[in-house]
Amino acid sequence: MIKLTWALVADRMDEWTGEDVAEGVAVLEAKVGAVVDASGMQEQAVRHWRTDFLSPVVESLRTEGAAALARGESWSKAAGPFLACASPVA
């Protein structure tokens, strides 16, 4: 079991618990993407946010995060105002 938690600084926090890292990545992308899309930022700012903050964290979770979790270790990554962490849970 994996617990994935994320925070958008000065805005909100959320979490997901499940078995599969790929599913966690999808949930993370969908939920954070929805918040960014609904933020009222101009389209260019939304693209910048997704490219510079969301994508690096998501890619790190897919690679380094998945490997760490497979070893029973925790993982975390921050990019700008966005932080995510994942830990194995019993």
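Before going into details, it helps to say that this report is about the structure given with it. Predicted, not measured: the structure shown is a model, and the values here were computed from it. (Residues numbered from 1 in each chain as written. Predicted model: local features only at pLDDT ≥ 70, side-chain atom pairs only at ≥ 80, totals over all residues. Heavy atoms only, no water.)

Let's shift gears to the pairing of strand 2 (residues 12-18). Pairing analysis gives 7 bridges linking strand 1 (residues 2-8) to strand 2, with the strands arranged antiparallel. Across the sheet, residue lysine 3 finds its bridge partner in strand 2, namely threonine 17. As consecutive antiparallel partners, strand 1 and strand 2 are separated by 3 residues, and within that stretch alanine 10 has a phi angle of approximately 65 degrees, a positive value. (Pairing = 2+ DSSP bridges. Helix = DSSP H or I, 4+ residues; strand = E, 2+ residues; numbered from the N terminus.)

Inside soluble globular proteins, nonpolar side chains tend to come together where they are buried. Of all hydrophobic cores here, the largest spans 24 residues; its most connected members are Val32 and Phe82. At the level of elements, strand 1, helix 1 (21-37), helix 2 (43-70), strand 3 (75-79) and strand 4 (82-88) are the ones that each hand at least two residues to this core. No other element matches helix 2, which puts 9 residues into this core. Each residue touching phenylalanine 82, except ones within four places of it in the same chain, is listed here: Trp6, Ala7, Leu8, Leu28, Val32, Trp49, Phe53, Leu54, Val57 and Lys77. (Core = buried A, V, L, I, M, F, W, Y, C linked by side-chain atoms within 4.5 Å. Buried < 20%, exposed > 50% of the residue type's maximum accessible area, 1.4 Å probe, protein only. Contact = heavy atoms within 4.5 Å.)

Here the focus is the sheet that holds strand 3. With respect to topology, 4 strands assemble into an open sheet ordered 2-1-4-3, the strand pairing being antiparallel. A strand with exactly one partner marks an edge of an open sheet, and here the two such strands are strand 2 and strand 3. Strand after strand, the sheet turns through a mean of 10 degrees between neighbouring axes, direction not considered. In this fold helix 1 packs onto strand 1, strand 2 and strand 4, with an angle of close to 20 degrees to the strand it touches most, strand 1. Helix 2 contacts strand 1, strand 3 and strand 4 of the sheet and is inclined by roughly 170 degrees relative to strand 3. (Axes fitted to C-alpha atoms, helices over the stretch in contact; angles between N-to-C directions.)

For the structure shown, the criterion picks out 7 salt bridges. Two residues, lysine 3 and glutamate 15, come together in a salt bridge whose shortest N-O distance is 3.5 Å. Here lysine 3, found in strand 1, pairs with glutamate 15, found in strand 2; they are 12 residues apart in sequence, far enough to count as distant. With relative accessibility at 41%, the residue glutamate 15 sits in the partly exposed group. Of the charged contacts in the structure, one is a salt bridge between lysine 31 and aspartate 14, with a shortest N-O distance of 3.4 Å. (Salt bridge = Lys/Arg side-chain N within 4 Å of Asp/Glu carboxyl O.)

Note that threonine 5 resides in strand 1. For threonine 5, a relative accessible area of 13% translates into the label buried. Among all residues touching threonine 5, those that are not within four sequence positions of it are Met13, Asp14, Glu15, Leu83, Ala84 and Cys85.

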